[in-house]
Structures are given as C-alpha cells and as structure tokens.
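Inside the fold
So you can see what is in the structure, the chains are spelled out below.
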Amino acid sequence: MKTYAIGDLQGCAHEAQVLLNRITEDAPGPARIVFVGDLINRGPASLDALRRVMALSIDSGGRVDALLGNHDLHLLAVACGAQQRSRSDTLDEILAAPDCDALIAWLRHRPMAIMAAGHLLVHAGVLPQWDAAKVMALAAEVEAALRGPDWVAFLAQMYGNTPDRWDESLTGIARLRCIVNALTRMRLCTADGVMDFKEKESAHAPAGSNLMPWFEVPGRLTQGQGIVFGHWSARGLVLQDGVIGLDSGCVWGGKLSAVCLDDRTLLEVDCPEYQKPGKG
Ligand SMILES: [Mn+2]
C-alpha cells in the first residue's frame, strides 16, 4: 500500500477532493494518506473540508488521518471558549454546525506527529535537539493533554512565545507549550534551536540574522530521517533529499500538493486565489 502526504488544506475542500481523486488514479485501491494539518481556516469551505477528512478517517479505520496544525488547535481553543476568534477566521460555519461537537471531539484526538513509510510527519518543524523517537514521545505528551479531562484548561494556557527553546528540565505547561510551538508554529530558529515567531511571510531568514529554516540547522538530530511538514506557504514546496515541505499555498492561489512517500511522485492541484497573501 502506498503512502501519501497532503499539504495544508485550509478549507479548500473542493481541491482536496480533486487531489484525492488524483491519488486514486495514481494508486488504485486503498492508500495510506496523512494530511499534515491546518485542515481549516482562511479558505472557503472549512466545514466541508473537516467533515470530509473526518469521514474518510473514520470510514478507513485510521488509514487516512490528519495531524494537528496551528489552525486546528486554534479552532479547538475557540470552540471551547479558551481563545477569542480572530477577525480573519472563517470558522463560523463549523462553530454553528449541528455536528460541531462531533467534529471537535474527533479533531482533538488527532496526532501531533506520525511515522509513516519511514518518514516523520509534523505540521511545522522539529527542534535540532530532537531525534524522531523523541519527537514521537513529546508529541504523545501533548496528545495526552488534549485528550484528557483538563483539555480546556490546557488550551487556555497553550498560547505564548515562551519558552522559545527546548530544555529537558521543562515541566508542565511550559514544556507542552514549547513542544506545541515547535511542532505547529516554528519556521525559523537559530543553530541552537531558539525559535522565532515573528517572521511569517518570508521564505528565508532575515538577512544578517542568526536564524535559519529549522531543517537547515547543521547537525540536527533528525538529519538522515525523512521528514514531511507543511505550514510554510511563503517557502512553498520543498523537495530536498530528506525534507519534504508541502504547504504550497492553496488558499493563497497556489497549489494543493501531495507526495507519495514511497516513490516521491508529486501530485498538484491548482487553486483559485481564495485569500490575498498577507492575511495570515
Ligand atoms: Mn500552519
């Protein structure tokens, strides 16, 4: 069975269906499919996108699954009242839907990291001090918080840019926040793994800074480990030896992309410009 990773949907439900059809043409029969997070928000059909992926996941017994991205976590936080909705959100149709509770319950049980076809899949990035086994273990700590009885309290404390670096001695909410920030928000960090959260719309580190894309940190412990991520639409499609970046900006008029992790086949669907770049 082939394994495919699909980039950030951000409510582009129609394009998702076109891409899923392309996957079926490429590999008739069941395929393992992982969406790398941010199923919803900014795009035109977040409710439809979320419903479709949830139904696919449940009907397939988990063969199709989705990672949690920052927008998915934001929806969870807004739905439970832990976070204010922001003006650029397009989440109202989900929050008003008759099946909202079921959608939220499914979403908060999604993973923060997945190993599939020899690749480590995360929404945004991993810190240089973490190897793949460490990432899976730390992801499980956050998953346990989201699935546990105190999930609303966790989401209420989840936001914040500190701590901005990993320290094994971190405990409690500071530890979980650091993991969430790396796995769902990071694009740039220093060689020592200090995360930056200011640069969102640039494809590169600012000139003269000591920042770099997290996957270019020399000696990071995931070097040699195939990694798949999304989240960085300004950077666009990344297809390097061991690194696959799949947010090719579908909601911004780019493409929705999938890569077969077994043979690196790239499948792309063109998208209309649903949002003007710069709206986050
Ligand atoms: Mn994201």
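Keep in mind the model is a prediction, meaning the values are calculated, not measured. (Residues numbered from 1 in each chain as written. Predicted model: local features only at pLDDT ≥ 70, side-chain atom pairs only at ≥ 80, totals over all residues. Heavy atoms only, no water.)

A closer look at the sheet that holds strand β4 (residues 114–116)
The strands making up a sheet associate through hydrogen bonds between their backbones, and the pairing can be parallel or antiparallel. Here we have five strands laid out as an open sheet, ordered β4-β5-β9-β11-β10, and mixed in their pairing. The open sheet has two edge strands, β4 and β10 (238–239), and neither has a second partner. As paired strands, β4 and strand β5 (residues 119–121) are joined by three bridges and run antiparallel to one another. Bridging across to β5, methionine 115 finds its partner in leucine 120. (Pairing = 2+ DSSP bridges. Helix = DSSP H or I, 4+ residues; strand = E, 2+ residues; numbered from the N terminus.)

Brief notes about the packing of helix α1 (residues 13–26) against helix α2 (residues 46–59)
Close contact between α1 and α2 brings their axes to 8 Å; oriented N to C, the two are set at 35°. Contact with α1, carried on its side by Ala13, Gln17 and Leu20, involves Asp48, Ala49, Arg52 and Leu56 of α2 and no other residues of that element. Split by residue class, the contact of α1 with α2 holds four nonpolar, one polar and two charged. (Axes fitted to C-alpha atoms, helices over the stretch in contact; angles between N-to-C directions. Contact = heavy atoms within 4.5 Å. Nonpolar A, V, L, I, M, F, W, Y, C, P; charged D, E, K, R; others polar.)

Some words on the packing of aromatic side chains
In total, this model carries five aromatic pairs according to the counting rule given. Ring geometry for tryptophan 130 and tryptophan 166: centres 5.4 Å apart, planes at 80°, overall edge-to-face. Of this pair, tryptophan 130 sits in the loop between β5 and α6 (132–147) while tryptophan 166 sits in the loop between α7 (151–157) and α8 (172–184), and the two are 36 residues apart along the sequence. Each member of the pair, tryptophan 130 as well as tryptophan 166, is classed as buried. When the centroid spacing of 5.3 Å and the interplanar angle of 35° are considered together, the rings of phenylalanine 215 and phenylalanine 229 count as tilted. Taken as a pair, phenylalanine 215 in the loop between β8 (212–213) and β9 (226–229) and phenylalanine 229 in strand β9 lie far apart in primary sequence, 14 residues in all. Of the residues examined, phenylalanine 215 reaches a relative accessible area of 3% and is grouped as buried. (Phe/Tyr/Trp six-rings, centres within 6.5 Å; stacked < 30°, edge-to-face > 60°. Buried < 20%, exposed > 50% of the residue type's maximum accessible area, 1.4 Å probe, protein only.)

As for helix α3 (residues 70–79)
For α3, the buried fraction is high: eight of the ten residues fall into the buried class. Where α3 is concerned, the buried positions are His71, Asp72, Leu73, His74, Leu75, Leu76, Ala77 and Val78. Looking at the buried side of α3, the elements it contacts are α2, α4 (92–95), α5 (100–107), α6, α7 and α8. Where α3 ends, the next residue or the one after it, glycine 81, has phi of about 85°, a positive value.

A word on the coordination of the manganese ion
Bound to the manganese ion are the protein donor atoms Asp38 (OD), Asn70 (OD1), His123 (NE2) and His231 (ND1), situated 2.1 to 2.2 Å from the metal. Expressed as a motif, the donor residue spacing for the manganese ion is D-x31-N-x52-H-x107-H. One end of the pair, histidine 123, is in the loop between β5 and α6; the other, histidine 231, is in the loop between β9 and β10, with 108 residues separating them in the sequence. You'll find histidine 123 and histidine 231 in the same group, each marked buried. (Donors = N, O, S within 2.8 Å, 3.2 Å for Na, K, Ca; no water.)

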